[in-house]
Amino acid sequence: MRRKTLYSLRSPYRESMDIIGFQFGQGEKTMCVVGAMRGNEVQQMYVCSQLVSRLKDMESSGLIADNCEVMIIPSANYYSMNIGKRFWTMDNTDINRMFPGYDLGETTQRIAAGIFESVKGYKYGVQLASFYQQGDFLPHVKLMETGFTDHELMKCFGLPFAFIRKPRPYDTTTLNYNWQIWETQAFSLYTNATDNIDEPSAKLAVDAILRFMSANGVIKTKIPGGYITEMLDEKSLLQIHSPVAGIYKSFVKTGDEFRKGDILCEITDPLDGSVIRQITAPSDGIVFFRYNRPLEFEKTVLYKVIPI
Amino acid sequence: MIEEVAKAGLSVNENIVIKKNRYVGSDSKNPSGKRVCVVTGIHGDELEGQYVCAKLANVLQNNLALLNGTVDIYPALNPLGIDSITRGIPLFDLDMNRIFPGTNDGTMAECLAADIISDISGADICIDIHSSNIYLREIPQVRINEITADELVPYAKMLGCDFIWIHASATVLESTLAYSLNSIGTKTLVVEMGVGMRITCEYGDRLTDGILNLLKNLGMWKGECKPVKEPIISADRAVGFVNSGAAGIFIPSAKHWSHIKSGDAVGKVIDPVTGNVEEYVTSPCDGIIFTLREYPIVYGGSLIARILGGEENA
């Protein structure tokens, strides 16, 4: 294992921020995994740290394939993490909206450029991502459809679900999108935690990435388990919005299967406690996403459902 | 007349309400049937438009007989952001000006965006007023995507701004309010001026006069108008970007909206601990400084200035 400083940024008031990458094996740039780019992506950093630990053991056992180089970047933004901010410390910009970056541009453009210079050119790329909507997800892998990455490769992770997303304009400055433009087969992997560490889903993610590496000849060992992946278009998810605001109490959790007419949750008045609305399932399905805060607005997306 | 454009329930005993103030001219002899929308406050830390909305409302309210047509004023598209000094919508990760045209099947913010588009759609002209953020001060300018320049520049010239910046198209900008409205045929001009979290009355007065001038040119205003200045147009001119190469405190020496020569000092970056000069910041070209850093703390890469170069730099 080689520990390298990939990019360094000076601050007038803090120690410099050094983005650290861990390299394994020698030869062609084969596999790159990027963890936290936002300050609250603790789970994403943790997954990478566990991956580094596992790969270190594998390398010492000679299990990294010949002519394969692997890079893991656990955190690209610990400056924000250390002060409890999600986005960049000073101007609140999002590094994951700055790719491919610009080395003569603004600070987060320069950070993105520094990262991209190190991560481009790999055959496969995985980003441990978090979502802009607050809630719990079933662990899954997602492909942003650019026409470059092979959809079938998503099955190699052995996660229960894989989604294909049609990019929206704001997606075009993400790492995942630009990786593909520069001809890396890129995937976003979502566990069911961000701010907190969830051990079972972290282990699931580590195993999924190693399983992908095994299936594509990057490591010389089998990773047992895994699911037969169901591939879905993101648009096939049914969204259930709240018709009213108030206190939200869910009766189902992610992964639960329900029937049409089942009560999914109730909304109560936050001041007098009366039940304002019970929300029933419009059809049979599986809870893929569940909003996880007690207070909700009118029109909040409470559930995303896989129809069955 | 105050009207609700969009509304949604907040968690506890409150609604988010996006409002507009509609002025319908009482000059009914020759009704133009035209409508102009003035919108601001997509970013909650940009307040220059508040002054323009208030001043324009005051002029129209006292002179309805001189107005022919309808003027809709939307002072706060992101009322929670303005109220809490938050650039985006509180509790929502994405920039509000990156979610248009919105969708009625999306998050609350996307539903609000869809309602805003629906309400403005069909206006003859929409003016979307922005300040800069808290880091930069901007001279009054109209920003136009190159793909709509031919259509919009004649109207932009009426607003009395110092210059018109015709910028390159970028996919990420396709989700702005202005792009979304222009793409459905509602001509929309983006004005940038001043600095975040502040009001610069001089700029606001000038833009208000410019909006009245635009109304006059559209045949909607019979009142007096002050003459507006002819703007510089950025087409065929280079825009030079000056970014800090060092981290520290930026001390400007050049003045905003002043001429500068290539190699002249824009300012310096000093180390607050040692007092040493970390970098002398100079201009990359001859031109006029139309953007100048306001917030003193800088990292490597922080934008210090933008220079509108001469034609020879194109």
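Keep in mind it's a predicted model, so treat the numbers as computed, not measured. (Residues numbered from 1 in each chain as written. Chains lettered and ligands numbered in written order. Predicted model: local features only at pLDDT ≥ 70, side-chain atom pairs only at ≥ 80, totals over all residues. Heavy atoms only, no water.)

As a further point, take the nonpolar core. Looking at soluble globular proteins, one finds that nonpolar side chains tend to be buried together. Counting residues in hydrophobic clusters, the biggest one holds 46 residues, and the most contacted among them are Leu77, Ile116, Ile120 and Leu177 of chain B. Taken together, the elements giving at least two residues each to this core come down to β8 (161-165), β16 (285-291) and β18 (301-307) of chain A together with β1 (2-9), β2 (15-24), β3 (35-40), α3 (108-120) and α5 (177-183) of chain B. Counting residues per element, this core draws most heavily on α3 of chain B, at 7 residues. Once residues lying within four places of it in the same chain are set aside, the contact partners of Ile116 of chain B are Val5, Ile18, Leu77, Met96, Phe100 and Leu177 of chain B. (Core = buried A, V, L, I, M, F, W, Y, C linked by side-chain atoms within 4.5 Å. Buried < 20%, exposed > 50% of the residue type's maximum accessible area, 1.4 Å probe, protein only. Helix = DSSP H or I, 4+ residues; strand = E, 2+ residues; numbered from the N terminus. Contact = heavy atoms within 4.5 Å.)

Right, let's talk about the packing of aromatic side chains for a bit. Residue and element names in this part refer to chain A. Summed over the entire model, instances satisfying the criterion amount to 22 aromatic pairs over all chains. Ring geometry for Tyr78 against Tyr79: centres 6.3 Å apart, planes inclined by 80°, an arrangement best described as edge-to-face. Relative accessible area serves as the criterion here: at 2%, Tyr79 is assigned to the buried category. Three or more aromatic residues joined by ring pairs make a cluster, and in this case those are Phe131, Phe137, Phe163, Tyr190, Phe288 and Phe289. Over the ring of Tyr79 we find Arg14; its NZ or CZ atom is 4.0 Å from the centre of that ring. Stacked on the ring of Phe289, the Lys or Arg Lys304 has its end atom at 5.8 Å from the ring centre. (Phe/Tyr/Trp six-rings, centres within 6.5 Å; stacked < 30°, edge-to-face > 60°. Lys NZ or Arg CZ within 6 Å of the ring centre and 35° of its normal.)

Attention now moves to the interface of chain A and chain B. Where interface size is given, it is often the accessible area lost as the parts come together that is meant. On the side of chain B, 41 residues touch chain A, which itself brings 38 residues to the contact. Summing both partners gives a buried area of about 3300 Å² for chain A against chain B, and 59% of it is carried by carbon and sulfur. For the pair chain A and chain B, the interface holds 2 salt bridges. Residue Arg168 of chain A is joined to Glu110 of chain B by a salt bridge in which the shortest nitrogen-to-oxygen separation is 3.3 Å. Between the two partners, chain A and chain B, sit 10 residue pairs in polar contact (both at pLDDT 80 or more). Elements supplying a minimum of two residues to the side of chain A that touches chain B: α3 (107-119), β11 (238-241) and β17 (295-296) of chain A. Each residue belonging to the side of chain A that touches chain B can be placed in one class, and the counts come to 17 nonpolar, 10 polar and 11 charged. (Buried area = accessible area lost by both parts, 1.4 Å probe. Salt bridge = Lys/Arg side-chain N within 4 Å of Asp/Glu carboxyl O. Polar contact = N/O pair within 3.5 Å; in protein donor to acceptor, adjacent residues only side chain to side chain. Nonpolar A, V, L, I, M, F, W, Y, C, P; charged D, E, K, R; others polar.)

This next bit is on the domain arrangement of chain A. Residues and elements named next belong to chain A. You can read the domains of chain A as domain 1 (2-233) and domain 2 (237-307). At the junction of the two partners, domain 1 supplies 12 residues and domain 2 supplies 14 residues. For the pair domain 1 and domain 2, the two sides together bury roughly 1200 Å², of which 61% comes from carbon and sulfur. When the area that domain 1 buries against domain 2 is broken down by residue, the three leading residues are Gln134, Asp136 and Leu138, summing to 50%. Taken together, domain 1 and domain 2 are joined by 1 salt bridge. Here Arg290 and Asp136 are joined by a salt bridge, their closest N and O atoms 3.2 Å apart. For the interface between domain 1 and domain 2, the tally reads 6 residue pairs in polar contact (both at pLDDT 80 or more). Within the residue set of the side of domain 1 that touches domain 2, elements represented by two or more residues are β6 (135-137), β8 and β10 (230-233). Residue contributions to the side of domain 1 that touches domain 2 peak at 3 residues, all from β6. Residues of the side of domain 1 that touches domain 2, tallied by class, amount to 6 nonpolar, 4 polar and 2 charged. (Domains from an automatic or database assignment.)

Residue and element names in this part refer to chain B. Taken in spatial order, the 4 strands make up an open sheet running β14-β13-β11-β16, and their pairing is antiparallel. Looking at strand neighbours, the two that pair on one side only are β14 (277-282) and β16 (297-298), the edges of this open sheet. Strand direction decides the pairing type here: strand β13 (residues 265-270) and β14, joined by 5 bridges, are antiparallel. Its bridge partner lying in β14, Val269 is registered against Glu279. (Pairing = 2+ DSSP bridges.)

This next bit is on helix α1 (residues 42-60) of chain A. Residues and elements named next belong to chain A. In this model, α1 (19 residues) spans 27 Å end to end at C-alpha, consistent with the 27 Å of a helix rising 1.5 Å per residue. Within α1 the residues assigned to the buried category are Gln43, Gln44, Tyr46, Val47, Cys48, Leu51, Val52, Leu55 and Met58. Packing partners of the buried residues in α1 comprise β2 (17-24), β3 (28-36), β4 (68-75), β5 (124-128) and α5 (199-215). Downstream of α1 by a residue or two, Gly62 has a phi angle that is positive, lying close to 75°. (Expected span 1.5 Å × (residues − 1).)

Okay, α5 of chain A next. Residue pairs spaced three or four apart in an α-helix point in one direction, given the helix's 3.6 residues per turn. Residue and element names in this part refer to chain A. Taking 1.5 Å of rise per residue, 17 residues should cover 24 Å, and α5 covers 24 Å from first to last C-alpha, within 8% of that figure. Of all 17 residues in α5, 12 are buried, a share of seventy percent or more. Every buried residue belonging to α5 is among Ser201, Ala202, Ala205, Val206, Asp207, Ala208, Ile209, Leu210, Arg211, Phe212, Met213 and Ser214, and all of these are buried. Those residues of α5 hidden inside the fold are in contact with β3, α1, β4, β5 and β9 (185-190). With its phi angle positive at about 75°, Gly217 sits one or two positions after the end of α5.

Our focus in this paragraph is the packing of helix α1 (residues 48-61) of chain B against helix α6 (residues 201-217) of chain B. Residue and element names in this part refer to chain B. Across the interface, α1 lies against α6 with an axial gap of 9 Å and an inter-helix angle of 45°. Relative to α6, the element α1 lies oblique. The way α1 lies across α6 gives a crossing that is right-handed. Here Tyr51, Val52, Lys55, Leu56 and Val59 of α1 come into contact with α6, specifically with Cys201, Gly204, Asp205, Leu207, Thr208, Ile211 and Leu212. Here the contact of α1 with α6 is built from residues that sort into 8 nonpolar, 2 polar and 2 charged. (Axes fitted to C-alpha atoms, helices over the stretch in contact; angles between N-to-C directions. Parallel < 35°, antiparallel > 145°, perpendicular 65-115°, else oblique. Left-handed = near helix turned anticlockwise from the far one by under 90°.)

Turning our eyes to something else, we now look at the pattern of salt bridges. Under the criterion given, the structure shown has 33 salt bridges over all chains. The salt bridge involving Arg38 of chain A is made with Glu41 of chain A; its shortest N-O contact spans 3.6 Å. The exposure classification of Arg38 of chain A matches that of Glu41 of chain A, with both residues buried. Across the pair Arg306 of chain B and Glu138 of chain B runs a salt bridge, and its minimum N-O distance is 2.7 Å. Taken together, the residues span a long stretch of sequence, with Arg306 of chain B in strand β17 (residues 303-309) and Glu138 of chain B in strand β6 (residues 136-145) at a distance of 168 residues. One network of salt bridges, in which partners are shared, links Glu3, Lys20, Arg22, Arg35, Asp72 and Asp119 of chain B.

For any two helices packed against each other, one specifies the inter-axial angle together with the distance between the axes. Residues and elements named next belong to chain A. Direction vectors running N to C along α1 and α5 enclose 50°, while the axes themselves pass 9 Å from each other. The angle between α1 and α5 falls in the class oblique. Where α1 crosses over α5, the handedness of that crossing is right-handed. The segment α1 lies against α5, with Gln43, Tyr46, Val47, Gln50, Leu51, Arg54, Leu55 and Met58 engaging Glu199, Ser201, Ala202, Ala205, Val206, Asp207, Ile209, Leu210 and Met213. For the contact of α1 with α5, the residue count by class is 11 nonpolar, 3 polar and 3 charged.

Moving on, we get to the side chain of Glu46 of chain B. All names here are of chain B. In this fold, Glu46 is placed in the loop between β3 and α1. Engagement of the side chain of Glu46 in a polar contact is seen with the side chain of His130, the distance being 3.1 Å. Glu46 has contacts with Arg87, His130, Ser131 and Ser132, leaving out every residue within four places of it along the chain.

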